[in-house]
Amino acid sequence: MGVRHKELVVEGVQFHPESILTAEGRAMFKNFLTMQGGTWKENKNLQAERATCVNVNGIGKDSKILVANGASKTASNEQKKPSILDEIFAHRRTAVEAQKQIPSQRLSDLQASYNLNIAPPQISFPERLRKSRYSLSLMAEIKRASPSKGNIAPHICAAEQARKYALAGASVISVLTEPKWFKGSVEDLRAVRQSLDGMPNRPAVLRKEFVFDEYQILEGRLAGCDSVLLIVKMLDEATLKRLYFFSKSLGMEPLVEVNTADEIEIAVQLGAQVIGVNNRDLTTFKVDLETTSRLMHKVSKETLVCALSGIAGANDVKSYQSQGVGAVLVGEALMRAERPDEFANRLLGSSQLTEHVHERQNILVKICGTRTPEAAKVAAEAGADMIGIILVEGRKRCVSTETALAIAEAVRTTSKSGTKRSPVLNSEGSVKSSQYFEHTSKFFCREDRALLVGVFQNQPLSYIIGQVKLLNLDVVQLHGSEPIEWATLIPVPVIRRFGLDDEGIGRRGYHALPLLDSASGGTGQRLDASAIKSVLRLDEGLRVALAGGLDPDNVKGVLTNLSKCFSQVVAVDVSSGVEENGSQSLERIQEFVKAAKDTRGR
Ligand SMILES: O=C(O)c1ccccc1NCC(=O)[C@H](O)[C@H](O)COP(=O)(O)O
C-alpha cells in the first residue's frame, strides 16, 4: 500500500522488509530511484527526455545493464547525459552479447580453443616496455578513426603499419578493435600479431578495447594480444578486479587506464604494474597533457606510467622524458604521418632508420653438388660460406654416406679465407625489433669455416633428421614440395627452395633462408630477372639466396641487373656453373667464389 501526493513527487520513502523483500522489491527501488524533478509533471517530462537520449545514443532500453556494470563513474547520478564512453560501452555490450550467441564464437568455443594451446605465443607487456633501448618507450597505435576526430586514416593496412612501427622502435603496438567509432576489428589484432611473427624482439601487442567481459579478454588472447586495456572509469571495482585477475590468469598484465586522482588510487590498490593516464577527458574530449604529469607522482617507482592521448610531436615526448614517464601512447599523429617510421624515430630521438637502410652484408656463396673432399677443401679455402652435398637418391650428384662423411670432415677441418664479421643488428640485451630474414640470414656465415648443407627433395622428415645427426649437417636444404612447417621440426636452419610463383616465400618464422631456383635443382636453368625483381619488390623485408644457371662469368651481371633489389639477395648458389664435363672444376669453384664476393666487396 502507498500514498501519492497529487502534484509533488515524494522525496523520501521508508521501505519495510515485508515490502522490499517481495518479488516486486527491486521494481519499487527502481521506480523511486528514477524519479526526477519536484512535481509529477516535471518527472514525466524528464523521464521522457532521458528515454530519448538513452535510445538515440544506443544504450538501449534496459537500464539495468548500466546500473549493474558501470555507466561512467564521473556521473554524480543518472540524470547526467551519457558520455561518449557510456555510449560506446553500451553499444559494445549489445554487440558482444550477440556475438556470444553465434556457434563457433560462444565463450565455450573460445575456451575450447584456448585449452588446445593454439593462442599465439605471448611476451610480457611490462617487461617489453622496460626493455626499450630508449629512455621512454613508444606505444604506437593503429587507429583508423575516433569519436572526436572522425576518420583519421581509414584505409591503412593494420599489419603493414604495425611492421613499420615495430622496425622504427615501438615497444608496443596498440590495436583499437572497436568497429563503429574507431573502425578497428579483432581481425586487425590478429593480422598485426601475425605481421610480427618471427621478428626478433617483437613489440608487445595491446588490445585497445572497451572491455567489460572476460569473453573479450579471451578473444583478444586467441587473436594474439599480450595485454588488454581496462578503463577504471567504466568498471565498478569488483568487475575491474575480476577482469584484471582474469587477464593475469591468461598471462597478460593489463594496461589500466585512469584520468583522475581517484581513479589512479583504484589502479594502485589493484596492484596494476602498468598504469596509463589518459590526457583526454572522455566526457568533454579536452586534452590536457599535464594530466599525466599531475598524477604520475601518485604511484610507486616500480609502476610504469604511460601517457595516453594528445601526444603530437617530439617536444611533448621530451617533457615527459624529463619527468620520468615510462611510455607514451601515440595514435593520431602516427596514423596521419606520411612516413610513420620516420615520425616514430623523431619521437624517440633516434637515427636508427638511416643506420638500418645503409647496412650492407657481404654476399654469401654456396657451392653445391660437391662430390669430393678436395672440392670441399678448395671451395672453403677460396672463401665459400656453404658447401652443399646432394642427398637425393637417384640424382646424378647424390653422394654415398661414406663420401658425405669424408666431405663433412673436410668442411670441418678447413679454415675459410677472407670472411669479414657480419654486422650484428642487435647486441645482447639491447631491444629493438629487427626483420626476421635479416636476422636469420646471418645463420649462414661462420667466420672460421664453411657450413655443410645437406640437400633433400621430397624425402621423409625422419630420414632428413637422421641424416642431420649422422653427417652432423649444419644446414638442411629442402628442394621439393615439403610443407614449410617442417623447417620448425628440423634441428638446424633450413634453406627452402621456392619458384617465382610459389606461395609462402616470405612467411616469417619457418625457413631461415628462401632459395629462388628452378624446381628440380642443378639444371643450369636461369630465372627471369624481371620476375625475380617482382617477387622481391613485393616484400622489402624479404631476403633470398639466388640460384639457377649462375657461373663465374655471369654472376656479377645477374646480380647488378637486379638494381635496387640486389640488396635483398644475401647468397648465391651454384652447381652446374662450376662443372666441366660433368665434374666439378676446382678452378671454376675458385673463380665463382671470387666473382661473387667481388660484387659487394669482402
Ligand atoms: O644439383 C642437383 O643435382 C640437385 C638435385 C636435387 C635437388 C637439388 C639439387 N640442387 C640444388 C642446388 O642447390 C643447386 O645448387 C641449385 O639448384 C643451382 O643449380 P645450377 O642451376 O646448376 O647452378
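Residues numbered from 1 in each chain as written. Predicted model: local features only at pLDDT ≥ 70, side-chain atom pairs only at ≥ 80, totals over all residues. Heavy atoms only, no water.

Asks: Outline the site of the ligand, supporting the account with residue identities and numerical values.
Replies: Close contacts around the ligand come from 22 residues, with Asp517, Gly522, Gly549, Asp573 and Ser576 the closest. The separation between an oxygen atom of the ligand and a polar main-chain atom of Gly524 is 3.0 Å. The contact in question runs from an oxygen atom of the ligand to an N or O atom on the backbone of Gly549, over 2.9 Å. Considering the ligand on its own, with 520 Å² of exposed area, one finds that the protein chains cover 100% of that surface. Per-class residue counts for the shell around the ligand are five nonpolar, 12 polar and five charged. (Near = heavy atom within 4 Å. Polar contact = N/O pair within 3.5 Å; in protein donor to acceptor, adjacent residues only side chain to side chain. Areas by Shrake-Rupley, 256 points an atom, 1.4 Å probe, with all protein chains shown as cover. Nonpolar A, V, L, I, M, F, W, Y, C, P; charged D, E, K, R; others polar.)

Asks: So what's going on with the packing of aromatic side chains? Which residues, and what values?
Replies: Applying the stated criterion to the full structure yields six aromatic pairs. Between Phe182 and Phe210, the aromatic rings sit 5.7 Å apart at their centres with planes inclined by 35°, giving tilted as the arrangement. Here Phe210 lies in the loop between β5 (204–208) and α10 (214–223) and Phe182 lies in the loop between β4 (172–176) and α9 (186–195), a separation of 28 residues in the sequence. In terms of burial, Phe182 and Phe210 fall into one category: buried. Ring plane angle 75° and centroid distance 4.8 Å describe the contact between Tyr436 and Phe437, whose orientation is recorded as edge-to-face. Among the residues examined, Tyr436 registers a relative accessible area of 8% and is labelled buried. (Phe/Tyr/Trp six-rings, centres within 6.5 Å; stacked < 30°, edge-to-face > 60°. Helix = DSSP H or I, 4+ residues; strand = E, 2+ residues; numbered from the N terminus. Buried < 20%, exposed > 50% of the residue type's maximum accessible area, 1.4 Å probe, protein only.)

Asks: So what's going on with the UniProt feature "domain: Indole-3-glycerol phosphate synthase" (unreviewed entry) in the protein? Residues and values would help.
Replies: Within the UniProt annotation, "domain: Indole-3-glycerol phosphate synthase" (unreviewed entry) is assigned to residues 85–346. Note that residues 85–346 is 42% helix and 16% strand, and that its end C-alpha atoms are spaced 32 Å apart. (UniProt positions renumbered as here; feature names shortened; annotations may be inferred.)

Asks: For the side chain of Gln161, give the residues involved together with the corresponding values.
Replies: Here Gln161 shows up in helix α8 (residues 158–167). Excluding residues within four positions of it along the chain, Gln161 makes contact with Ile142, Ile156, Leu334, Met335 and Pro340. (Contact = heavy atoms within 4.5 Å.)

Asks: Go over the domain arrangement of the protein with me, naming the residues and quoting the values.
Replies: Partitioning the protein into domains gives domain 1 (17–81), domain 2 (88–348) and domain 3 (364–597). Listed as interface residues are 17 residues of domain 2 and, on the opposing side, 13 residues of domain 3. When the two sides are added together, the surface that domain 2 and domain 3 hide from each other amounts to roughly 1,300 Å², 49% of it contributed by carbon and sulfur. Per-residue buried area on domain 2 facing domain 3 is highest for Arg133, Leu167 and Pro200; these three make up 41% of the total on that side. We note a salt bridge from Asp197 to Arg507, for which the minimum N-O separation is 3.9 Å. The interface formed by domain 2 and domain 3 holds two residue pairs in polar contact (both at pLDDT 80 or more) in total. Sorting elements by how many residues they give to the side of domain 2 that touches domain 3 places α8 first, with three residues. Residues that form the side of domain 2 that touches domain 3 fall into these classes: eight nonpolar, three polar and six charged. (Domains from an automatic or database assignment. Buried area = accessible area lost by both parts, 1.4 Å probe. Salt bridge = Lys/Arg side-chain N within 4 Å of Asp/Glu carboxyl O.)

Asks: Break down the pairing of strand β9 (residues 304–308) for me, citing the residues and quoting the values.
Replies: Burial runs high along β9: five of the five residues are buried. Alternating positions in β9 separate into two faces, Leu304, Cys306 and Leu308 on one and Val305 and Ala307 on the other, with burial throughout. Judged from the five bridges that link them, strand β8 (residues 274–278) and β9 form a sheet pairing that is parallel. Within β9, the residue paired with Val274 across the bridge is Leu304. After leaving β8, the chain enters helix α13 (residues 290–295) and then returns to the sheet as β9, a path that is right-handed. Where β9 and strand β10 (residues 327–330) come together, three bridges link them in parallel fashion. Of the residues in β10, the one forming a bridge with Cys306 is Ala327. In terms of handedness, the path from β9 via helix α14 (residues 314–323) over to β10 forms a crossover that is right-handed. (Pairing = 2+ DSSP bridges. Right-handed = clockwise from strand over helix to strand, strands pointing away.)

Asks: Tell me about the environment of Glu591, residues and numbers included.
Replies: Within the fold, Glu591 resides in helix α24 (residues 586–598). Each C-alpha atom, one on Glu591 and one on Ile156, is 49 Å from the other, the two residues being 435 residues apart in sequence.

Asks: Pulling in residues and values, what's your account of the side chain of Arg193?
Replies: Locating Arg193 in the fold gives a position in helix α9. On the basis of relative accessibility, which here comes to 5%, the residue Arg193 falls in the buried class. With sequence-adjacent residues up to four places away left out, Arg193 is seen in contact with Pro120, Pro121, Arg202, Val205, Ala223 and Gly224.

Asks: So what's going on with the pairing of strand β18 (residues 569–574)? Which residues, and what values?
Replies: Looking along a regular strand, one sees side chains alternate from face to face of the sheet. Taken across its six residues, β18 has six buried, putting it largely inside the fold. Pairing geometry for strand β11 (residues 364–367) and β18, over four bridges, is parallel. Pairing of Val365 across the sheet is with Val572, part of β18. Looking at chain direction, strand β17 (residues 544–546) and β18 are connected through three bridges and run parallel. What sits directly across from Ala545, in β18, is Ala571. Once the chain exits β17 it traverses helix α23 (residues 555–560) before rejoining the sheet at β18, and the crossover so formed is right-handed.

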